[in-house]
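Listed below, chain by chain, are the residues.
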Amino acid sequence: MGITDDRNDPRLTHGADEPGSTPGMAETYLVLSEAERAQGFVRPLRLSYVHTVCGTVTTMGRAIAETYARNPSFYGATFCVHCQNHRPVGIEGEFVWDGTDIKVGT
C-alpha cells in the first residue's frame, strides 16, 4: 500500500465499496501533504478504529492517521481489515475510534 498527496494519481480509488464485496486495500491512498500535516492537528492523533458492523480493530499508517487528525472530514470511507472493503465514515459512518464512541470522520 502506498500513499500520495497528488489528487490526480491514477492509482487512487474513491468512496465506499458495496457491502459484502471484498476488493481489498487500494494500491495507493491520498493523504494531506507533509507541509499541511505539519501545521498541526484539530483532533487527537489516533491510529486505530473499530468497524461497528463486525467489531474488528484496524490500524492505519501514520500519514493517513495524521490526515484524519488534521482534517477529520478528509475521507468519505475507510478500510476494514476483516471485511476487506471500504465503508463510510462520518456521522452516519460505520467506524468509531478505538476505545471511544467518537465516529471516525467527525
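The preceding data block contains the structure.
Residues numbered from 1 in each chain as written. Predicted model: local features only at pLDDT ≥ 70, side-chain atom pairs only at ≥ 80, totals over all residues. Heavy atoms only, no water.

Student: Where do I start with the sheet that holds strand β7 (residues 95–97) in this structure?
Tutor: Pairing between the strands of a sheet comes from backbone hydrogen bonds, and it takes one of two forms, parallel or antiparallel. In space, the three strands of this open sheet follow the order β4-β3-β7, with antiparallel pairing throughout. Both edges of this open sheet fall to β4 (57–59) and β7, since each of them pairs with a single strand only. For this sheet, the mean angle separating the axes of adjacent strands, direction not counted, is 35°. By the bridge criterion, three bridges tie strand β3 (residues 48–51) to β4 in an arrangement that is antiparallel. Residue pairing across strands places S48 opposite T59, the latter belonging to β4. (Pairing = 2+ DSSP bridges. Helix = DSSP H or I, 4+ residues; strand = E, 2+ residues; numbered from the N terminus. Axes fitted to C-alpha atoms, helices over the stretch in contact; angles between N-to-C directions.)

Student: Honestly, the packing of aromatic side chains in this entry has me stumped. Any pointers?
Tutor: Both the distance between ring centres and the angle between the ring planes are used here to describe each pair of aromatic rings. Throughout the structure, instances matching the rule amount to five aromatic pairs. Taking 5.3 Å as the distance between ring centres and 85° as the angle between the ring planes, the aromatic pair formed by Y49 and F95 counts as edge-to-face. Of this pair, Y49 sits in strand β3 while F95 is found in strand β7, placing the two residues 46 residues apart along the sequence. Looking at F95, the relative accessible area reads 0%, which means it is buried. Ring centres of Y68 and Y75 lie 4.8 Å apart, and the angle between their planes is 55°; on these two criteria the pair is classed as tilted. Y75 carries the same exposure label as Y68, and that label is buried. Taken together, the aromatic side chains of Y49, Y68, F74, Y75, F95 and W97 make up a single cluster linked through ring pairs. (Phe/Tyr/Trp six-rings, centres within 6.5 Å; stacked < 30°, edge-to-face > 60°. Buried < 20%, exposed > 50% of the residue type's maximum accessible area, 1.4 Å probe, protein only.)

Note that all results are geometric; they support no functional claim without further evidence.
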